[in-house]
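# Results of the structural survey
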Amino acid sequence: MTRSQAIGVSERLSAVTSLTSSLEYLTQRKQTRPGGLHHWPTMARDRHGPPLTRKFLDVISGEKATAAVHMARVAVSAGLLLPGRARWRGAGNIFLGVTTAALHARHRYGSDGSDQVSVLVQTATGMARLSTRPQTQDALLWYVALQANTSYVISGWMKLLSRSWRDASALSGIMRTATYGHEPAFRLAEKYPKAAVYLTHGVLALECLFPVAYLAGGKLARPLIAGAGAFHVANGLVMGLGRFVTAFISMHPMVAYTSTPRTHPSVAGRDDRALYAGAALLAGAVSIAGVVAVQRRMRTLEGCSHSAYLTTRHQNELQYERSEGDDPALPVLVFVNGMVSTSEHFTWITEKIALESGYGVVTYARAGYAGSRYRSTSAYDLAESVDDLVDLTRGVVPEDRKVVLVGHSLGGELARRAAADLGDRLQGVVYLDSSHPDELNRSNQQSTSAEGLVLVMNTMVRSLNAGLGILLARPAWVQALPANCRTRVFAQYTDVRLWEAGRREWEAVEREFRAFDGKLPTIEAHALVVSAQQTVDRDPEQLLMHNELAETHRGEGRHVKSFVLEGADHDSLLTGGRFATEVGRRIIAFLDETQAADAPRVRVVEEAAQ
């Protein structure tokens, strides 16, 4: 394709996308009225942003205004389908791109990747039409072509992270869904499994290797573009993604133009400086990402000014922080974090305890987390983390002081298992929305979410290893933590070591929890069991299992309490200041009660010894 042909074909294909989109919305006007998905007064309740932006959205999102914009888009799109190269076509393309972006908030339900691609192509072709310089036009065509390559490559490699795509079960799985499914295609995939495997792996190869279109003098461009086009047509017919066909194919002319060797007459004089500029920007971005990753790793490993280290029987080196507390006669609380979590998650609670009680506090990072080193040479199982916890407790807490283990999520299960090894030194266990060793067998929700969790961890490990941590934004839960620990927590969150440790632990959790025989041994220690309301509301079986944890502690002389923290979820129980402060208050009250209950017994023992 020549430069002019690439621009012309792309703008017309993209115009078809906009025409289809606006006609769809105009024929579904009832959705903009009360009760519809696009009723703006209802949608606007959740809108955010600057006042000027909200005012603009209110104006353009009125039912009549939206209809007028779509009718204008229909007229402009139809005009762009006509032959010609006039510069007004550039203004038309810009209008379509801008209105697609402006209407995105208005049509939150129903917008998809085709709209994003349309904005990209229409903006680029519009600017190319308005420009009189071939160099500027080539830069814009290269921009779209590089975006096309990026979208295919990222889509393909992300699919490779999923087991269902690798074992080719994804095709039949998608075809049996209600939203994107197609019963005849599903039956064909089930009837001819080998063909389904070839087709699935063919899609993966097409997407992952799309940039090879630029190799061998561009000879591979035609079959790759044809394959990608056939892929989108099939998606349109089978999955109902009609707008995806013209939207994504509208990028292909740019790929055809830029992949043609410069010696070919049709691209004579093509300016490829945009490619080199893109490569330089990529190299610079990679360098910056590397520096940021190194800085975050250093911040993760260095710990706090008062961090100390202990080597366990498995040769793991644990980083920990300790506060003695004001009263040496009171027990020390050892906090055990959950999987893919940090010791700083407990900051709201530990600050509450340190300020308002005399209890000592120990927080630590399990092997592989934060500044703790995983150096064990044996195959990992949960018993290793339990041994590490026991070794840390014995090595850090003075022998004349009792211990209270406080565990969140998986940390609760590790604390439960460590209780037997600590014997008389253990005064109590505090379970914070704890895991239960039978939850994967008894909870459908926990069991079905297991594969998704594996996918998330694999994605994070591979993405962070690829240096993409610089692209991560701070999650809301990080911002909810005390300000003095947010930077360190975010550094850990973007460090691949945390996710590798979590993946290692999850493999052991899934193996051991699914093999659990259903018997919980009795624990001769006090217990406080805290459940998050959203956890037990979403899955009532969790409350039953939490009650079972409490029952294992019941017995003569043992103080056992349970409560559900209203409004909290699994994470905000720790990270939300209001919820965590309440948890800290409850822990202090519980420990004060156990101290009062144990006092008469302690006096009897002391008198007998005398």
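Residues numbered from 1 in each chain as written. Predicted model: local features only at pLDDT ≥ 70, side-chain atom pairs only at ≥ 80, totals over all residues. Heavy atoms only, no water.

### Observations regarding the sheet that holds strand β6 (residues 426-432)
- Reading across from one edge, β1-β2-β4-β3-β5-β6-β7-β8 is the order of the eight strands in this open sheet, with mixed pairing throughout. Strands with a single pairing partner mark the edges of an open sheet, and in this sheet they are β1 (308-311) and β8 (560-565). For this sheet, the mean inter-axis angle between neighbouring strands, taken without regard to orientation, is 20°.
- Sheet analysis places strand β2 (residues 317-323) next to strand β4 (residues 360-365), joined by five bridges and oriented antiparallel. Within β4, the position partnered with Arg-322 by the bridge is Val-362.
- Running at roughly 175° to strand β3 (residues 332-336), helix α16 (residues 347-356) makes contact with β3, β4 and β6 of the sheet. (Pairing = 2+ DSSP bridges. Helix = DSSP H or I, 4+ residues; strand = E, 2+ residues; numbered from the N terminus. Axes fitted to C-alpha atoms, helices over the stretch in contact; angles between N-to-C directions. Contact = heavy atoms within 4.5 Å.)

### Concerning unusual backbone geometry
- Unlike most non-glycine residues, Ala-216 shows phi in positive territory, near 55°.
- Looking at where Ala-216 falls in the secondary structure, it is placed in the loop between α11 (193-208) and α12 (221-239).
- Not every positive phi belongs to a glycine, and Ser-409 is a case in point at roughly 55°.
- Along the chain, Ser-409 turns up in the loop between β5 (403-408) and α18 (410-422).
- The buried category is assigned to Ser-409, whose relative accessible area is 13%. (Buried < 20%, exposed > 50% of the residue type's maximum accessible area, 1.4 Å probe, protein only.)

### Observations regarding the environment of Glu-512
- Within the element layout of this structure, Glu-512 appears in helix α24 (residues 496-514).
- It is 18 Å that separates the C-alpha atoms of Glu-512 and His-408, two residues lying 104 residues apart in sequence.
- Non-local contacts of Glu-512, meaning those with residues more than four positions away in its chain, are made with Asp-381, Leu-382 and Arg-417.

### A closer look at the side chain of His-345
- Relative to the helices and strands, His-345 is located in the loop between β3 and α16.
- Only 2.8 Å separates the side chain of His-345 from the side chain of Thr-342, close enough to count as a polar contact.
- Setting aside chain neighbours within four positions, we find His-345 in contact with Trp-477, Leu-481, Leu-574 and Thr-575. (Polar contact = N/O pair within 3.5 Å; in protein donor to acceptor, adjacent residues only side chain to side chain.)

### Some points on the nonpolar core
- Among the nonpolar cores identified, the biggest contains 61 residues, and Leu-382, Leu-392, Leu-405 and Trp-499 are the most heavily contacted of them.
- Considering every element that reaches this core, the biggest residue donor is α24, with eight residues.
- Residues within four places of Leu-382 in sequence aside, it is in contact with Leu-410, Leu-414, Arg-417, Glu-505, Ala-508, Val-509, Glu-512 and Phe-513.
- Core analysis: the next-biggest nonpolar cluster, separate from the first, contains 38 residues, Ala-213, Ala-221, Leu-241 and Ala-247 among them. (Core = buried A, V, L, I, M, F, W, Y, C linked by side-chain atoms within 4.5 Å.)

### Some remarks on the pairing of β3
- Counted residue by residue, β3 has five buried out of five residues, so it is predominantly covered.
- Taking every second residue as pointing to the same face, both faces of β3 are buried, with Val-332, Val-334 and Val-336 on one and Leu-333 and Phe-335 on the other.
- Examined bridge by bridge, β3 and β4 share four bridges and lie parallel to one another. Pairing of Phe-335 across the sheet is with Thr-363, part of β4.
- Following the chain from β3 across α16 to the adjacent parallel β4, one finds a crossover that is right-handed.
- Here β3 runs beside β5; their pairing, made up of five bridges, is parallel. What sits directly across from Val-336, in β5, is Gly-407. (Right-handed = clockwise from strand over helix to strand, strands pointing away.)

### Re α11
- An ideal rise of 1.5 Å per residue puts 22 Å on 16 residues; α11 measures up with 22 Å between its terminal C-alpha atoms.
- If you follow the buried residues of α11, they end up packed against α7 (134-160), α8 (163-166), α9 (170-175), α10 (183-191) and α12. (Expected span 1.5 Å × (residues − 1).)

### Regarding a nonpolar patch on the surface
- Together, Ile-288, Leu-468, Ile-470 and Leu-471 make up a nonpolar patch on the protein surface, roughly 380 Å² of accessible area in all.
- Its location among the elements puts Ile-288 in helix α15 (residues 273-302). (Patch = residues over 30% accessible without salt bridge, like charges linked within 9 Å, V, L, I, M, F, W, Y side chains within 5 Å. Areas by Shrake-Rupley, 256 points an atom, 1.4 Å probe, with all protein chains shown as cover. Salt bridge = Lys/Arg side-chain N within 4 Å of Asp/Glu carboxyl O.)

### Notes on the packing of aromatic side chains
- The final tally for this structure, using the stated rule, is eight aromatic pairs.
- Between Phe-490 and Tyr-493, the ring centres sit 6.3 Å apart and the planes meet at 25°, which makes this aromatic pair stacked. In this pair, Phe-490 and Tyr-493 both sit in helix α23 (residues 486-493), three residues apart, roughly one turn of the helix. By the burial criterion, Phe-490 is buried, and Tyr-493 matches it.
- One aromatic cluster in this structure is built from Trp-477, Phe-490, Tyr-493 and Trp-499. (Phe/Tyr/Trp six-rings, centres within 6.5 Å; stacked < 30°, edge-to-face > 60°.)

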